[in-house]
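Inside the fold
One letter stands for each residue in the lines below.
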Amino acid sequence: MMPHDELDLDGDTLREECGVFGIFGHPDAAALTALGLHALQHRGQEAAGIVSFDGSRFHAERRMGLVGDHFSSQNVIDRLKGYAAVGHVRYSTTGAPILRNVQPLFAELAAGGLAVAHNGNLTNGLTLRRQLIAQGAICQSTSDTEVILHLVARSQRNKIIERYIDTLRSLEGAYALVTLTNKKLIGARDPLGIRPLMLGELNGSYILCSETCALDIIGARFVREIENGEVVVISEDGVESHWPFPRQPARPCIFEYIYFSRPDSVLGGRSVYDVRKKTGRQLALEAPADVDVVVPIPDSGVPAALGYAQQLNIPFELGIIRNHYVGRTFIEPTQTIRSLGVKLKHNANRAIVEGKRIVLIDDSIVRGTTSVKIVRMMYEAGAKEVHMRIASPPIKHPDFYGIDTPEEKSLLAATHTLEEMRDYIGVKSLAFISVDGIYRSVGFEGRNNAHPQFTDHCFTGEYPTHLTDHVGESAKQQLSLLAEAG
């Protein structure tokens, strides 16, 4: 166990996967894409990119950092000419955080240009990459998305959509893809629908994006979700769908409701905010706490804490104030400064906490190191008792579908009993919502163990697809021979 004064906060969170946005047939395609990516910024803050098409040429801008830092300039938008565009915000799950991995990835094929933005992770991407390189392919990035470009280029089919579908049949894992060609905007969702993809419309122009909040920011109308296993083609002729896979029940990622999607988004016909409040209510039914105040760990714990407080009729108070303006690369030169890490982002509201019995509500526990520091901060602010309730089941297994989770040995719930976790974090009591409870919050009676309604392997260890890259010798593959400074 790591001593409390040597805690490393890096990685003590679930990293968002990525966000995608595409629009076809609008004169302000690039500007609207930049706005859409801004609304999806929570899904990836590492890098952003936009590729546009003006009828004859593609134009690309890809940058490390936040959308607003690079795509708010009129000069940049003016360079992205055209009536169609595709964009991407990224947090790396495969491939290092370097410019050559920033999406959309672009390639010139015999049939024309192809720009691909990918949310998710291929569980056979490394294996396919190794096979392609053995056949003479030259890989420029270390992103699994580049495999898609190679497979489309090598397909023997005639039409681009046939090549695209041919490629999808080779892929395992999770993907929501938005792809721009010379004449089309193509969207695709994996056969289980693990990652989300929405269809919207603005003044006759169609949009594909990860969440409905990206439609709201530009005043677009939500049309529907792209279904699991669906390939949708948007062109001057309108929207048409292809179904290359046998139809099966969807199994979207449960973490979209728990953590990833923005609270003002609608997913599966459900308000994400409403689901999170219901999760808090269910958590209160399963694990009530005899306390004076309910305190959310901001920001992701707020809706669940509201539901928890309302269910138990206990005051909800902001006992922790979050600083939203902390840079991702704040200098921490010494161990003494590092030990203050959480206070860069969170500070106790002593007026609320002092002398009170409080229960902290959070969305999840990963390594547990941040929880340790926040609990200590509450006691230092004068809390009489500190309890903790978690609005997701214990995370015991790693993710391979686009969520950057630590290895299993670094997951606190995988290596500790509940009592050991309680002792490590330093709270008087600790409880998680049950697996059935999280399903009830989304509107089901419980988990259907024979046919689970969601992808929930982080809790249950039941992975819904093959994990080719993560078994046997495939798990030992080196991703790249080239090390870069950035």
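Higher on the page you've got the structure.
Residues numbered from 1 in each chain as written. Predicted model: local features only at pLDDT ≥ 70, side-chain atom pairs only at ≥ 80, totals over all residues. Heavy atoms only, no water.

With that settled, the discussion passes to the packing of aromatic side chains. Inspection of the entire model under this criterion finds eleven aromatic pairs. A ring pair is formed by Phe53 and Tyr83, whose centres lie 6.2 Å apart and whose planes are at 70°; its orientation type is edge-to-face. Here Phe53, found in strand E2 (residues 47-53), pairs with Tyr83, found in the loop between helix H3 (74-79) and strand E4 (84-90); they are 30 residues apart in sequence, far enough to count as distant. Overall, the relative accessible area of 3% leaves Phe53 in the buried class. For Tyr83, a relative accessible area of 25% corresponds to the partly exposed category. With a centroid separation of 5.3 Å and an interplanar angle of 45°, the aromatic rings of Phe255 and Phe459 are classed as tilted. Taken together, the residues span a long stretch of sequence, with Phe255 in helix H8 (residues 255-260) and Phe459 in helix H18 (residues 457-460) at a distance of 204 residues. Given a relative accessible area of 2%, Phe255 falls into the buried group. Through a chain of ring-to-ring contacts, the aromatic side chains of Phe24, Phe53, Phe58, Tyr83 and Phe106 assemble into a single cluster. (Phe/Tyr/Trp six-rings, centres within 6.5 Å; stacked < 30°, edge-to-face > 60°. Helix = DSSP H or I, 4+ residues; strand = E, 2+ residues; numbered from the N terminus. Buried < 20%, exposed > 50% of the residue type's maximum accessible area, 1.4 Å probe, protein only.)

What follows deals with the nonpolar core. By size, the foremost hydrophobic cluster in this structure holds 67 residues, and its most contacted members are Phe21, Phe71, Ile207, Phe255, Val294 and Tyr308. Those residues in contact with Tyr308 that sit more than four places away from it in its chain are Gly280, Arg281, Leu283, Ala284, Ala287, Pro288, Ala289, Val294, Val359, Ile361 and Arg389. Ranked by size, the runner-up nonpolar core spans 28 residues in total, among them Val353, Ile365, Met377 and Ile425. (Core = buried A, V, L, I, M, F, W, Y, C linked by side-chain atoms within 4.5 Å. Contact = heavy atoms within 4.5 Å.)

All quantities given are derived from atomic positions and should not be read as evidence of function.
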